[in-house]
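Observations on the three-dimensional arrangement
Spelled out from the first residue to the last, the chains are:
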Amino acid sequence: MSEASDTPIARKVLARVPISVRWRDMDAYGHVNNAKYISYLEEARVRWLHGVTGGQAMGRGISPVVANTDVNYRRPIVWPNDIVVELFVERLGNSSVTIGHRIVADNDDTVLYSDGHVVVVWIDTATGKSAPIPEAVRQASV
């Protein structure tokens, strides 16, 4: 499906989700394992989608799936720590949205641990083909 009708988006903040770093997130080198960054991003996206759709993000036979994840690791996160995951729209298409993200210190958003973006595509669960973004998600994204 073509995304030719992309809507240019300013960096509207979708959500700022606080997360406490857990001891089990650490690796043998004394910092948060790189895979945990992706878990933090997932948690923030799921909380945002749940808030926007009232838990109906996967209703009516459509479901969001992650098509791409891009993470730039800027500095290590250590325990104990509290962080904030910021989400914003970089691109809004017919069936996909590119969600930019930043992981920052909860007490100083100039301390950048990570940035990048995730592409989420809505699919028809019966056919596996792309489906239009739910209207509630589209409205929350512009």
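Our structure is the block above this text.
Summary of the structure given here. Everything numeric in this text was worked out from a predicted model, so none of it was measured.

1. Quick word on the side chain of Arg138
Of note, Arg138 is situated in helix α2 (residues 135-141). Buried within the structure, Arg138 lacks any salt-bridge partner; its nearest side chain of opposite charge belongs to Glu135, at an N-O separation of 4.5 Å. Polar contacts involving the side chain of Arg138 include one to the main-chain carbonyl oxygen of Asn94, which spans 3.3 Å. Beyond its immediate sequence surroundings of up to four residues, Arg138 is in contact with Leu92, Gly93, Asn94 and Ile133.

2. Side note on the sheet that holds strand β5 (residues 108-124)
Backbone hydrogen bonds are what pair the strands of a sheet, in a parallel or an antiparallel way. Spatially, the 5 strands line up as an open sheet ordered β1-β3-β4-β5-β2, and their pairing is antiparallel. Strand pairing shows two members of the sheet lacking a second neighbour, β1 (13-20) and β2 (62-73), which therefore form its edges. Here the average twist between neighbouring strands, direction ignored, is 25 degrees. With 10 bridges connecting them, strand β4 (residues 96-105) and β5 associate as antiparallel partners.

Quick notes on the rules
Residues numbered from 1 in each chain as written. Predicted model: local features only at pLDDT ≥ 70, side-chain atom pairs only at ≥ 80, totals over all residues. Heavy atoms only, no water. Helix = DSSP H or I, 4+ residues; strand = E, 2+ residues; numbered from the N terminus. Buried < 20%, exposed > 50% of the residue type's maximum accessible area, 1.4 Å probe, protein only. Lys, Arg positive; Asp, Glu negative; His and termini not counted. Salt bridge = Lys/Arg side-chain N within 4 Å of Asp/Glu carboxyl O. Polar contact = N/O pair within 3.5 Å; in protein donor to acceptor, adjacent residues only side chain to side chain. Contact = heavy atoms within 4.5 Å. Pairing = 2+ DSSP bridges. Axes fitted to C-alpha atoms, helices over the stretch in contact; angles between N-to-C directions.

By themselves these figures say nothing about function.
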